[in-house]
Every structure is written in structure tokens, then in C-alpha cells.
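Close look at the chain arrangement
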Amino acid sequence: MMKKRLLTIGVCVAALGLASAPALANDGYDLWLAPAGSPSATEIRVVGQSETLDRAAAELRRDLAAAPLPVVLARADDPALAALRLPTAALGDEGYLLRAATLDGRKTLIVTGKTDRAVLYGAFALIRAQKTGADLAAIDLQSAPKIGLRVLNHWDNLDGSVERGYAGQSLWDWWTLPDFKDPRYTDYARANAALGINGIVLNNVNAKPESLTAPYIAKAKALAEVFRPWGIKVYLSARFSAPIEVGHLKSADPLDPEVQAWWKAKSDEIYREIPDFGGFLVKANSEGQPGPRDYHRSHAEGANMLAAAVAPHNGIVMWRAFVYAETDPDDRAKQAYTEFKPLDGKFADNVLVQVKNGAIDFQPREPFHPLFGAMPKTPMMLEFQITKEYLGFATHLAYLGPLFEEVLEADTRAKGKGSTVAKVIDGSLYGHKLSGIAGVANVGRDRDWSGSTFNQANWYAFGRLAWDPTLSADRIAREWAQQTFGNDPRVVDTAVKMMMASREAVVDYTGPLGLAHVMGTGHHYGPGPWISDLARPEWNPVYYHKADRDGIGFDRTKTGSNAVAQYEPAVAKLLADPRTTPESELLWFHHLPWDWKMKSGRTLWQEMVAHYDRGVATVAQMQSEWQGVKGLVDAERWQKTASYLQIQHNEAKWWRDASLAYWMSVNGLPLPAGVAAPEHDLAWYKAQDFPLAPGHPH
Ligand code: GCV
């Protein structure tokens, strides 16, 4: 009887169009694009005709709940809008304007921009404004992206696996492409267009040469056709040695005319199939990938060869600066700067150098990369990792908005105060026309796309910050929560509170106070600060923390590797002294005794322990906050989140306990009074092994 009644209620709710009412199941597929329930009652008129404008109108019909005014979509140059003299000068090609105005004697909501793409972005912005509670009857909003290339990097392999992917197999079903275009490709494009993402690199930077063969170009073309109306271009990661593997040449030397001709012909072939192909992304001479250094050529010579091949088609090259060599005994954190800084001014005009946010590798916290601001003549692209290789995979709740914000706001001081990383990469600091930002995607074939509801927020935050790097992580969290869970303030406030505390919690329980690279080998899952037996020194956690009986931390000052000298003098000066280094980065730059006095008055050791404890406690706090919204969030997403928080709590404790057990084995110090001892002995933690962890390349 009870069951039947519930069923009837469910049917009624659905019939009323309240498909996202909390009591009903929600598998997370809709992301931030939850439909309004029934087709919009609002009158929506499109002036002009194009696939993109039609899609913009369809989005409004699907997602816009009844609006107070009829909506008109039109390009800014359309005579229909001429009388309104709208201020569109600053919009560029992609900016939009939303305005409630009187058109032909009727109060109307105008959605406009200079191109169809801009109108599409405007339509999504209108939906976002409504879902986040704006008064549409009075809306007057314009926005243009500050960064030109807003790109997702898929580390997707041709066999369907995803390097560092924790949301199932690759979204691209290479096997059935190009004949079958999974409708998910369209939904993926919609979700990205809603954020303003305008480029997708389809394949892993550890690229297979086959991705440049005709069958795979045909598959890329099929995806490009799906994405095109949504304003999204496709790019490919290129394997530098492809002229040998695919072209059967003897060399891939960038100065060899035959090699140059091969790349030119290959690019022409791609552009014949994909006229708006974006260009190439290259990982060269890094972690075993081939590159120009194999021929004693510079990275600039390698990049420029590819740049010349795509230039006639207006293509670009994104050349990664993620390099470190086993033959270089210098501090790994210094190597990219050492290699790339002298190349400033040597890259072709259509090359961007793509730099990870920090100098090691997407750690839960890293100081900003010293290359930002250091190559004034070179457009520089920032690379974030949205997928959480080092922040708990898909299971841990770690909202990356604060990490992204921290990096974008970091002041390089390259041209005095206020020379933020954001201004370097948006091109404004040095007046570059090309500008870009990339995020390593966290998307796979999981029904909820990203492996968990809260992971979706990281994709969302990346997209919003790519559009406007000055937005705050807090504001983005709020608008994401409103679009994801609805407008109940109890849910929204709770979600935002959890999100804003979450990244710092991960830093605390994995590696506080500037510790980095203390994870398990290969899979990067779980703690491994004791690891010291890997072939390359810089693969070992002990290389990074240098803990011994007397102290802990990597001395990157003059008495050590002097990596601090790679920063502008104003920054370097602060980092050279442990007393003026932010404590959150202390052990990144300094090797200090365990009894070093911290600002809190505690010793370094006591402070470390307090951070580990705080990390675990924050996860417990998130669990109890989530309990508080039980019944206010649909059962499916609520339950999965609750289960994942439990996993996170167990694993936070594991990280804490394993780390403390190891540090104590090194420093011989007792735990401060009242602090819980690790659950197991160190040998137990060392014995844990996870060869089959997801996302790990085999
Ligand atoms: C694509 C880290 C990751 C690798 C990744 C590499 C990169 O080392 O562990 O999986 O390879 O970064 O960014 O190229």
C-alpha cells in the first residue's frame, strides 16, 4: 500500500513538471543544464537563421522557466535591433549582451552579441541568470571572455582508457566513430558551450601516432561536426615522432625539409576534413615522449615547425613546458624555467607555451610556476588539472575553485604589483593577442560524467574562470549549487560551505605546509612518503620532503637549489626567508628543524600534526553537514555523496596515520599530548599496494 502511494505521488510530481524535485532520483546527467520541466511558456523569437541560433533558442525552450518577458535572439548587427543602439562595442566576437528593452513597442528580453556563438553564450547566460535568481525583467548584463582559448584537454587514449581519468572509459567511442555519433557528444558540447569552453583536445598528450592517420582524422572530423554549432573547435595532441611512425621517414628532425613537408601535408590533410581544426597540442621530451631535443634542436624549433604547418589555416600550436629530464641533476622544479626562459622571443606567432600551474605536477598546493611573467614575448597558456590525480580521484570531495583562484590571483610582480598570473595568461600584461587556458578534463562515460556530483563543480569552475578569471571561487560554488540542486538556501549554503573547506582539507591530510609529491608510486593513490627506491631520483617522495632526524623540507634558497631566484626579485626576496614565506608553502622552499617556531607558537612538528588532524576533522564536519540536507537533495545524489564522504573520511585518516607513522620513524618525536596514534604500524601502511587503481596507465 505504502509503495503504491509513493508511486502515485511520483507520477503526479512528474506530471506537474517537477522532475527535479528532491524526492525523485537524479543520476546527475543533466549537470548545470537541468530542464525547466516542461517546454518554456515564454515566447522565444529568433531573428536570423543559423544552426547555432536555432540551438540557442532550443536551449531556452528547454531550460528557461516562464520568463516575465518575451525573448528575442538576434545578432547585434541585425537591423531589427538597430533602433536600440545597444552598447556592443566592447563585446568582441564572443561577448554577449542581455537587456530588458522596448522593441517594436513591446518590453522584450534581448539576447545579442556580434556572432551567433555570442548569442548562444547569451542564451546560456540568461538561463544561468534565471536559475540563480536574477530579476529578468530588469536585466542589463554584458560580458565578454577575457581569455581567447578556453580549452579542455582530454587525456583519452585510443583504446578507450583515460590517463588519470576516474569517471569511466573515454567519452569518445573511437571504435564506432565516425559512423555513430553518440547523442552524449551533443550533450557534452551543450554543457561546455554553457560555460563558454571553445576548444577540446581529443586525445592524450602521451599521444599515439595513429591519431594522425586518415581513419582517426575521420573520427575527429565526426566529433568536430557535432561540436561546431556549439562554437567548439577540436584540436589533436600530436606525437612528435609521427613522421617516422606514420610517414615512414627516417627522422623527425624539425629542421629536416622532408619532415617539415610531412607535417605540412598532414596539416593540409586535416584541414581538408576539418576546415576549422584548432591546431596541435604537444608534449615533447618529457616522461619518455619524443621531441626536438632528440635531434639537439630546441623546443622553439620543434614548435615552429608545427606552427608553420598550421599557420596557413590559422591554426595554433600549444607547446607544453612540462619538461624534466633524467639527465638533469638540477632541482626538478627549476628545469622547465631553465629550458624555456632563454627561448622567449624565439617562438612563432601562432605558438602558445602551455605551463602547468605549478613547477612540479598538479599537487594539492603548489606555488605558482616561475615561468608566469618570465617570458614577456611569448603568449603563455595556463594548464590546470580538473581531474583529481592528486586530490583523491573521483571519490574525495575537493572543490578546486579555491586552487584555481589562488593561482590566477598570484602576483608574479613581473611588471610591478598586480602582475597576476591571470593577467599574464589573458594577454593583457604584455599585450598578446593570443591567450589561453587549458584544463585536463575530468569527464568519462560515467552517467554523471565526472564520477561524482561535486566533481562536476570542478569542470564548471574551470569553465567559468576561463571566461572570467576574476570571478570568485565562492560565487562560482554558489551558482553551481543553485543550478545543480535548486534554490533551497539550506542545500545551497551547505554545499557551498562544504566545497569551500574541501580543498584545504585535502592539503591538510595529504601534505600540509608546502609538502608535495608524497603519494604512492605510479597510480598516485594514497600516501607513500617513505618511497626512495625508484630509478629516477625525482620520482621518489623522499626527494621532495628530504626529511631526516634534524628536519624536513626542500631548501630552494641560495643554500639549496636556489629555485627562488627564478621568481621576480620582489617575490624571491620573500621566499628566501622562512619568516616571510607563506606558511602554506614553507616546506616547498625551506628545510627546517622539527622544532622550528611557527606563527602559532607551536613547533613545526606540532603544527604538521595539527594540520593532519584538521584535515580529517574537516571531512567529518562535511559528513555531518551533508547529513543535515538529507531529504532536501534527491536520494540518488545524496546517497552517493554520503557514501563517497565516508570513503574520503577513511582515506583521510589513512593518509594522516600513514604520514605520521612515517614522520615519527624519521624524527623520533612523540605525538603531542592528546593526539591519537596511527591505527597501524608503518610496516602495515608500506605494505598496501594498488596496482589496479583507476586512471593509472599500464
Ligand atoms: C599525461 C603527470 C601524470 C601523467 C601525465 C603527466 C603530464 O606526470 O602523472 O599521467 O601524463 O603528468 O602532464 O604529461
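Scroll up to find the structure.
Report follows, based on the coordinates. All values reported here derive from a predicted model rather than from experimental measurement. (Residues numbered from 1 in each chain as written. Predicted model: local features only at pLDDT ≥ 70, side-chain atom pairs only at ≥ 80, totals over all residues. Heavy atoms only, no water.)

1. A look at the sheet that holds strand β6 (residues 149-153)
Strand order in the closed barrel formed by eight strands is β6-β7-β8-β9-β10-β11-β12-β13, and the pairing between neighbours is parallel. The sheet shows a mean angle of 25° between the axes of neighbouring strands, taken without regard to direction. When β6 meets strand β7 (residues 199-201), the two strands line up parallel, connected through three bridges. Within the sheet, the bridge partner assigned to L152 lies in β7 and is I200. (Pairing = 2+ DSSP bridges. Helix = DSSP H or I, 4+ residues; strand = E, 2+ residues; numbered from the N terminus. Axes fitted to C-alpha atoms, helices over the stretch in contact; angles between N-to-C directions.)

2. Concerning the nonpolar core
Among the nonpolar cores identified, the biggest contains 190 residues, and W172, Y188, F227, W263, F280 and W459 are the most heavily contacted of them. For Y188, the contacting residues outside a window of four places in its chain are L152, H154, L171, W172, I200, F227, A441, V443, W449 and W459. I531, W596, M664 and L671 belong to the second largest nonpolar core, which has 33 residues in total. (Core = buried A, V, L, I, M, F, W, Y, C linked by side-chain atoms within 4.5 Å. Buried < 20%, exposed > 50% of the residue type's maximum accessible area, 1.4 Å probe, protein only. Contact = heavy atoms within 4.5 Å.)

3. Examining the packing of helix α2 (residues 51-63) against helix α3 (residues 116-131)
Interhelical geometry of α2 versus α3 gives an angle of 10° and a closest axis separation of 8 Å. Taken together, the axes of α2 and α3 are roughly parallel relative to one another. Along its contact with α2, which presents T52, L53, R55, A56, E59, L60 and D63, the element α3 presents D116, R117, V119, L120, A123, F124, L126, I127, Q130 and K131. Split by residue class, the contact of α2 with α3 holds nine nonpolar, two polar and six charged. (Parallel < 35°, antiparallel > 145°, perpendicular 65-115°, else oblique. Nonpolar A, V, L, I, M, F, W, Y, C, P; charged D, E, K, R; others polar.)

4. Here we look at the layout of surface pockets
By volume, the second largest pocket is sized at about 630 Å³. Around the second largest pocket, the lining is made up of 26 residues, and of these E94, R117, G148, N198 and K233 lie nearest the centre. Elements represented by at least two residues in the lining of the second largest pocket include exactly α2, α3, β6 and β8 (233-237). Tallied by class, residues from the lining of the second largest pocket come to eight nonpolar, seven polar and eleven charged. (1 Å grid on protein atoms, 1.4 Å probe; cavity = no way out; pocket = protein on both sides within 12 Å on 5 of 7 lines; lining within 4 Å. Points joined across faces, edges and corners; volume = space filled by probe spheres on them.)

5. What about the packing of aromatic side chains?
Taken as a whole and judged by the stated rule, the model has 40 aromatic pairs. Here the aromatic rings of F454 and F485 are separated by 5.8 Å at their centres, their planes lie at 45°, and the arrangement is tilted. Remark: F485 occurs in helix α13 (residues 473-485) and F454 occurs in helix α12 (residues 453-467); sequence separation between them is 31 residues. Judged on exposure class, the residue F454 and its partner F485 are both buried. Following the ring pairs from residue to residue traces out a cluster consisting of Y29, W32, W172, Y185, Y188, F227, W449, W459 and Y460. (Phe/Tyr/Trp six-rings, centres within 6.5 Å; stacked < 30°, edge-to-face > 60°.)

6. Description of the packing of helix α14 (residues 489-510) against helix α18 (residues 604-627)
Two elements in contact, α14 and α18, have axes separated by 8 Å at closest approach and are oriented at 155°. Relative to α18, α14 is oriented roughly antiparallel. Taken as a pair, α14 and α18 cross one another with a handedness that is left-handed. For the pair formed by α14 and α18, the contact residues are T494, K497, M498, A501, S502, E504, A505, D508, Y509 and T510 on the first element and H611, Y612, R614, G615, V616, T618, V619, Q621, M622, E625 and W626 on the second. Residue composition of the contact of α14 with α18, grouped by class: nine nonpolar, seven polar and five charged. (Left-handed = near helix turned anticlockwise from the far one by under 90°.)

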